[in-house]
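# Tertiary structure, described
Listed below, chain by chain, are the residues.
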2 protein chains.
Amino acid sequence: MPALRLALAQLNPTVGDLAGNAALVQEWSHRAAAAGAGLVAFPELALTGYPVEDLVFRESFVSTSRAALARLATDLAGEGLAGLPVIVGYLDADGPALASAEAARTAGPRNALAVLHGGRVVARYYKHHLPNYGVFDEDRYFVAGDTLTVVRVGGVDVALTICEDIWQAGGPFAAARAAGVGLVVNINGSPYELDKDDVRLPLVAGRAVETGAHVAYVNLVGGQDELVFDGDSMIVGPDGELLARAPQFVEHLLVHDLDLPAATAPAPDAAAAGMRLQRVALPVVQPAMPGPPATGGIAARLAPEAEVWQALVLGLRDYVHKNRFGSVVLGLSGGIDSSVVAAIAADAVGAGNVVGVSMPSRHSSAHSRDDAIDLAKRIGLDYRTEPIQPMVDAFLANLSLSGLAVENLQARVRGVVLMALSNQEGHLPLTTGNKSELAVGYTTLYGDSVGGFNPLKDVPKTMVWRIARWRNQLAVERGQIPPIPENAITKPPSAELRPGQRDTDSLPPYEELDAILAGYVDGDLGRDGLVEAGHDPDTVDRVLRMVDAAEYKRRQSAPGTKISIKAFGRDRRLPITNRFR
Amino acid sequence: MPALRLALAQLNPTVGDLAGNAALVQEWSHRAAAAGAGLVAFPELALTGYPVEDLVFRESFVSTSRAALARLATDLAGEGLAGLPVIVGYLDADGPALASAEAARTAGPRNALAVLHGGRVVARYYKHHLPNYGVFDEDRYFVAGDTLTVVRVGGVDVALTICEDIWQAGGPFAAARAAGVGLVVNINGSPYELDKDDVRLPLVAGRAVETGAHVAYVNLVGGQDELVFDGDSMIVGPDGELLARAPQFVEHLLVHDLDLPAATAPAPDAAAAGMRLQRVALPVVQPAMPGPPATGGIAARLAPEAEVWQALVLGLRDYVHKNRFGSVVLGLSGGIDSSVVAAIAADAVGAGNVVGVSMPSRHSSAHSRDDAIDLAKRIGLDYRTEPIQPMVDAFLANLSLSGLAVENLQARVRGVVLMALSNQEGHLPLTTGNKSELAVGYTTLYGDSVGGFNPLKDVPKTMVWRIARWRNQLAVERGQIPPIPENAITKPPSAELRPGQRDTDSLPPYEELDAILAGYVDGDLGRDGLVEAGHDPDTVDRVLRMVDAAEYKRRQSAPGTKISIKAFGRDRRLPITNRFR
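A quick note: this is a predicted structure, and the numbers were derived from the prediction, not measured.

Right, let's talk about the overall build of chain A for a bit. Secondary structure summary: chain A contains 19 helices and 20 strands in total. Taken against the 2.2 N^0.38 rule, which gives 25 Å for 581 residues, the C-alpha radius of gyration of chain A at 26 Å falls within 12% of a compact globule. With the principal axes as the frame, chain A shows a C-alpha extent of 85 × 50 × 45 Å. Per-residue burial for chain A yields a buried fraction of 63% across its 581 residues. Within chain A, counting contacts between residues at least 6 apart in sequence, those at least 24 apart form 76% of the total.

Inspection of the entire model under this criterion finds 90 salt bridges over all chains. When the shortest N-O distance is used, the salt bridge between Glu551(A) and Arg555(A) registers 3.6 Å. Here Glu551(A) pairs with Arg555(A), and both are found in helix α19 (residues 551–555), just four residues apart, close to one helical turn. Here Arg469(B) makes a salt bridge to Glu486(B), at a shortest N to O gap of 3.7 Å. On the criterion of sequence distance, the pair formed by Arg469(B) in helix α13 (residues 461–477) and Glu486(B) in helix α14 (residues 486–490) is long-range, its members being 17 residues apart. One network of salt bridges, with partners in common, ties together Asp197(A), Arg200(A), Asp230(A), Asp232(A), Arg245(A) and Arg301(A).

With that settled, consider the sheet that holds strand β18 (residues 354–358) of chain B. Residues and elements named next belong to chain B. The strand order across the open sheet formed by four strands is β19-β18-β17-β20, and the pairing between neighbours is parallel. In this open sheet, the two strands that pair with only one neighbour each are β19 (382–385) and β20 (428–429). Examined bridge by bridge, strand β17 (residues 328–331) and β20 share two bridges and lie parallel to one another. Note on β20: the bridge partner recorded for valine 329 is proline 429. On the sheet, helix α8 (residues 336–349) packs against β17 and β18 and is oriented at approximately 170 degrees with respect to β17.

Taken as a whole, this structure holds 15 cavities of 30 Å³ or more when the rule is applied. Forming the boundary of the largest cavity are 43 residues, of which Gly569(A), Arg570(A), Arg555(B), Gly569(B) and Arg570(B) lie nearest the centre. Sorting the residues of the lining of the largest cavity by element identifies α4 (138–141) and α19 of chain A together with α19 (551–555) of chain B as the ones contributing at least two each. In the lining of the largest cavity, the residues fall into 17 nonpolar, four polar and 22 charged. Looking at the second largest cavity, its volume works out to about 150 Å³. Taken together, 14 residues line the second largest cavity, and the ones lying closest to its centre are Tyr50(B), Pro51(B), Asp137(B), Tyr141(B) and Arg570(B).

All names here are of chain B. For strand β8 (residues 183–188), the buried fraction is high: six of the six residues fall into the buried class. Note on the crossover from strand β7 (residues 156–162) through helix α5 (residues 172–179) to β8: the handedness is right-handed. By the bridge criterion, six bridges tie β8 to strand β9 (residues 214–219) in an arrangement that is parallel. Residue isoleucine 187 lies in a different strand from β9, and its bridge partner there is valine 218. Crossover β8 to β9 through helix α6 (residues 196–211) is right-handed.

With that settled, the discussion passes to the relation of the copies chain A and chain B. Mapping chain A onto chain B is achieved by rotating through 180 degrees and translating by 0.0 Å along the same axis, at an RMSD of 0.0 Å. As the rotation angle and translation indicate, the two copies are arranged about a two-fold axis. If distances are taken from each C-alpha of chain A to the rotation axis, the shortest is found for Gln556(A), at 2.0 Å. The residues that chain A uses at the interface reappear at the interface of chain B in 100% of cases, marking a shared surface.

Residues and elements named next belong to chain A. Tracing the sequence through the fold places glutamate 241 in the loop between β12 (234–236) and β13 (242–245). Assessed through its relative accessible area of 45%, glutamate 241 is described here as partly exposed. In this structure, the C-alpha to C-alpha distance between glutamate 241 and alanine 179, residues 62 residues apart in sequence, is 22 Å. With sequence-adjacent residues up to four places away left out, glutamate 241 is seen in contact with Ile235 and Val236.

With an omega dihedral of -5 degrees, the bond running from Tyr50(A) to Pro51(A) counts as a cis peptide bond. On the secondary structure map, Pro51(A) appears in the loop between β2 (39–41) and α2 (59–81). The phi angle at Leu45(B) is positive, at roughly 45 degrees, despite the residue not being glycine. Position of Leu45(B) among the secondary structure elements: in the loop between β2 (39–41) and α2 (59–81). For Glu496(B), which is not glycine, the phi torsion reads 50 degrees and is therefore positive.

Here we come to helix α10 (residues 389–398) of chain A. What α10(A) keeps buried is the set Gln389(A), Met391(A), Val392(A), Ala394(A) and Phe395(A). Residues of α10(A) that are buried in the fold lie against α11 (404–425) of chain A together with α10 (389–398) and α11 (404–425) of chain B.

Next up on the list: the sheet that holds strand β20 (residues 428–429) of chain A. Residue and element names in this part refer to chain A. Sheet architecture is open: four strands sit in the order β19-β18-β17-β20, paired in parallel fashion. Each edge of the sheet is formed by a strand with only one pairing partner; in this case those strands are β19 (382–385) and β20. Bridge count for strand β17 (residues 328–331) against strand β18 (residues 354–358) is four bridges, and the pairing is parallel. Bridge pairing links glycine 331 to valine 357 in β18.

All names here are of chain A. Within the secondary structure, lysine 457 is located in the loop between α12 (435–440) and α13 (461–477). Among the polar contacts listed, one links the side chain of lysine 457 to the backbone oxygen of alanine 558, at a separation of 3.0 Å. Excluding residues within four positions of it along the chain, lysine 457 makes contact with Glu226, Gly433, Asn434, Lys435, Leu438, Ser557, Ala558, Pro559, Gly560 and Phe568.

Turning to the interface of chain A and chain B, a few remarks are in order. In this complex, chain A contributes 83 residues to the contact, which on the side of chain B involves 84 residues. Here chain A meets chain B over a buried area of about 7,400 Å², counting both sides, of which 53% is carbon and sulfur. Its largest share of buried area at the contact with chain B, chain A owes to Arg58(A), Arg579(A) and Phe580(A), together 12% of the area lost on that side. For Arg573(A), the salt bridge identified is with Asp137(B), shortest N-O distance 3.0 Å. Between the two partners, chain A and chain B, sit 37 residue pairs in polar contact (both at pLDDT 80 or more). Sorting the residues of the side of chain A that touches chain B by element identifies α2, α3 (101–107), α4, α7 (304–322), α10, α11 and α19 of chain A as the ones contributing at least two each. Looking at which element gives the most residues to the side of chain A that touches chain B, the answer is α11(A), with 11 residues. Of the residues belonging to the side of chain A that touches chain B, the class tally is 35 nonpolar, 25 polar and 23 charged.

Here we take up the packing of aromatic side chains. The full count for this structure, using the stated rule, is 20 aromatic pairs over all chains. With a centroid separation of 6.4 Å and 80 degrees between ring planes, the pair formed by Phe395(A) and Phe395(B) is classed as edge-to-face. Here the residue Phe395(A) occupies a position in helix α10, and Phe395(B) occupies one in helix α10, the pair thus bridging two chains. For the pair shown, Phe395(A) and Phe395(B) are each scored as buried. One cation-aromatic arrangement involves Arg31(A) over Trp28(A); the distance from NZ or CZ to the ring centre is 4.3 Å.

This paragraph deals with the confidence of the model for chain A. Residue and element names in this part refer to chain A. Summing up the model confidence of chain A, the mean pLDDT is 94 and the portion of residues at 70 or higher is 96%. Note that residues 97–101 has pLDDT below 50 and, in this model, 16 contacts with residues that lie over four places away or in other chains. Reported confidences for the modelled complex are a pTM of 0.96 and an ipTM of 0.94.

This paragraph deals with the packing of helix α1 (residues 18–34) of chain B against α2(B). Residues and elements named next belong to chain B. Running from N to C, α1 and α2 cross one another at 30 degrees; their axes reach a closest spacing of 10 Å. Between α1 and α2, the interaxial angle falls into the category roughly parallel. Note on packing geometry: the crossing formed by α1 with α2 is right-handed. For the pair α1 and α2, contact is made by Leu18, Ala22, Val25, Gln26, Ser29, His30 and Ala33 and by Phe61, Thr64, Ser65, Ala68, Leu72, Asp75, Leu76, Glu79 and Leu81, respectively.

Before going further, it helps to spend a moment on the side chain of Ser358(A). Following the sequence through the fold, Ser358(A) ends up in strand β18. The contacts of Ser358(A), once residues within four sequence positions are left out, are Leu332(A), Tyr383(A), Arg384(A), Thr385(A) and Glu386(A).

Rules of the game
Residues numbered from 1 in each chain as written. Chains lettered and ligands numbered in written order. Predicted model: local features only at pLDDT ≥ 70, side-chain atom pairs only at ≥ 80, totals over all residues. Heavy atoms only, no water. Helix = DSSP H or I, 4+ residues; strand = E, 2+ residues; numbered from the N terminus. Rg over C-alpha atoms; globule rule 2.2 N^0.38 Å. Buried < 20%, exposed > 50% of the residue type's maximum accessible area, 1.4 Å probe, protein only. Contact = heavy atoms within 4.5 Å. Salt bridge = Lys/Arg side-chain N within 4 Å of Asp/Glu carboxyl O. Pairing = 2+ DSSP bridges. Axes fitted to C-alpha atoms, helices over the stretch in contact; angles between N-to-C directions. 1 Å grid on protein atoms, 1.4 Å probe; cavity = no way out; pocket = protein on both sides within 12 Å on 5 of 7 lines; lining within 4 Å. Points joined across faces, edges and corners; volume = space filled by probe spheres on them. Nonpolar A, V, L, I, M, F, W, Y, C, P; charged D, E, K, R; others polar. Right-handed = clockwise from strand over helix to strand, strands pointing away. Least-squares fit on C-alpha atoms with pLDDT ≥ 70 in both. Polar contact = N/O pair within 3.5 Å; in protein donor to acceptor, adjacent residues only side chain to side chain. Buried area = accessible area lost by both parts, 1.4 Å probe. Phe/Tyr/Trp six-rings, centres within 6.5 Å; stacked < 30°, edge-to-face > 60°. Lys NZ or Arg CZ within 6 Å of the ring centre and 35° of its normal. pLDDT = per-residue confidence, 0-100. Parallel < 35°, antiparallel > 145°, perpendicular 65-115°, else oblique. Left-handed = near helix turned anticlockwise from the far one by under 90°.

See below:
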């Protein structure tokens, strides 16, 4: 059996930064070569970043991607890497002209990969299965490929596939089985969801067994707007055995030696499983594999809270840095949400780059201020106090307001203060409303909702408490000061916009609320389904009314990292105007 | 030749109001029967409203749609309309269970129509071509039908199709030709775009000629969030001649007598043009056509400015009323944008339901205040003055701000005032930023951008001036007072956030800016394409930088009526994090 040292480059590109991403590919190709790899694979659309959305329709973007690919092939060869086959995702199109979405549909944009070798593009593959559900709109962007590409590398036949191709039974993997390949490489842009890693391994293993081949799965890592990619790259044997697996949420080069069946003269399979087949033989340039055998190892799985925390930290860090901010500012109420966001922000960009602003009003309790100060000290962030009462009073003196209007006024004055600090000092403002609040609209539009990013947007309140406890425990284990004051975790939540206010004045207890929301929002259950599941009918009715009525607020909400099966945003598209109850 | 009196019911349903929409169908069916119609057709998804977006994934919504259809059939028969075949769009699915998006993909939701007759559903058709571009995501929602349904009505074979089916050459219309039908009914949910009516007629006429049959095109009318449907229903003969056409932007029953070829014994065309064929013969119940022949007439086309104005009025009116608001509030600066929005709002919901608030600061010019007062008097709206300086001063006294932070502060204080009035009195707040401003980010997030709806969101500044002049001229022609002060139209635009400020301090002249934006935003031209088109390279670079950098503001912007080929919102999906220039 031929041996192949395979490298999977789990890296973090930036959407639209083609030069920067190409430089990353070069850097990691050098590392793969230095590790003695005979083949290195990069993730889906690594050259452009992923997802590129409507940039696909810009002809200049497609031509830049093509030019960057050609240049990358030349550069790699020029840097002594001509002998290393490099698999890299990029954007291509059938025709040169994409002047409109209409033209794009006929010009045929392609979610493509190329094999670079000897200074040239020696093979291409176009993604066959295009996801058009959840956060994905790939039927909008791409024309599906109909040809499976098999490259012979070091005497082994390797089939090339992209992301969704592995989630569907027919198509490329069936064709790969018919073609008798030894290895299927699957390059991915697969966003994180809680426990998705538990789904991926059985999927990849099952497909490997079904295909009778090794499967190498390489995924992006990093944040892109509301998505965070967790890596979790892996190699599975034809018996479904997990051979190597990369850690989540960090860049990683997974290098592993594989014994693979020697390719035989191909059967006359010009077409297989409804796909055409294209075979490309690379000159044998397998380097002598230096030193000891390479084993990629199997990274330990993370606890759910650890997974979520790392997803939120990476999602925020990349949003801040990829958008060229250096620091963030947020309001500190002393409550759990802002405390957790402050801790996430400190982990993401460093405590010294986090500005926390206490903005007490006459309804702010002493413990709130104390808890905010305590938090700031524990984390070591840049702490300020900006009392809002003078500004609130100026509005009250000039307008005739009462009730909810006065409550919202306070939140909005805080929003103005935060935005003023952001404008004046250049920090990215963070907002801190959790998924439960966003779902039922328990938030003031243009008030506590102001901000460029919301780390907790997709985190239900009960999960906010869980990750707070987890993060404090982690600190204890590391011999550090727990960042989040115990009091912020244990006290009853309150917006403190009127005397004695408690969240439970307006909402069911969060355990009950989150269970209903999981059914309604994430599960698309209707009213009757929720009642059948055991929830109190009146509470269900009340919660559903609140969720439906808050759609207009969510439509203007800040982006935030998706961690659930269904996040607010592009993942869940509902009309504002909707009378269905 | 048999004669058929055909009625096309161009009506305005509400998304999610299945009982209300069914009642509308009943009411209009009675009107069609009273007019002696032998067949009446309602628009796409008339029973559920359109588009329903992710409501498709809620099993309870699908089952409600099915139940409403069955009940509608019974009710129509019970009201003496058993003999009138009624074609109506509704939501169906292959299986009962749609508990998740995943399940929905296999359960097969259908964009469906039914023919109701004799108290029963006698025929169904499932949309074949699913649009998945622009504002449409129908590959996300629906499984494509593969069977053309032909019903024999009064001795004529009628093929049934839905919307996108007419935009594609193959599929249902080719099958209809092969089946030798006399009439194709095409039911639509086709959103308004400027000059789209100029595209529709050649499309329908061309398809009629190609198919060798009459084509009846019936479209929705009304606003749904960012879309407005303009009606423009029409009937075209097999020679491409326009026989009848309904006016735009109003509900209308288009009734027209057609001489149609008698159906012959069908050829053995179990399949045609790649589609299966299903034939249904209705009992002959053609009523004697009473009175004189019915001719639907051909509505005069509107000038572009009239089209846009009516689209904006209807889009706003339906957003307000369908969301159960009774009134709106907006800030009046004396400038052109807020003046035009006030005039649109008065036309939409009545001047007495429009609250206009002048919020002068120390930088507000005397002419601004005068122009705002003049506007309020001309329109007769509810006018208030709320000077913002005391509140601005309270912030300035407590925060250390300068430059842009001070400018934005003023806009944000105005935002807080507007929202306080909205909270206190229950008006829907309107925001008034035009498409040009939104494109380049010449707006203060949470400042002048606050509001639940933005009538000018998709209207370039140069078009704002055009429709202002058009509306004033219309008033003159009607012997009314022109609503918009001449000074608001002619004076140089200024945000008045610092002394002597002019828009042209920060932006190119609007004629130039709008031309660049039309190329970049609507046309997906890149930098080089715009320079080739004759624009100044430095200006192009500056504008493109501004547009790209403002994506985060647009992501939190209020919804507003789409009137262009590419509106901000779901029509144009770009990443915030994006380094491509």
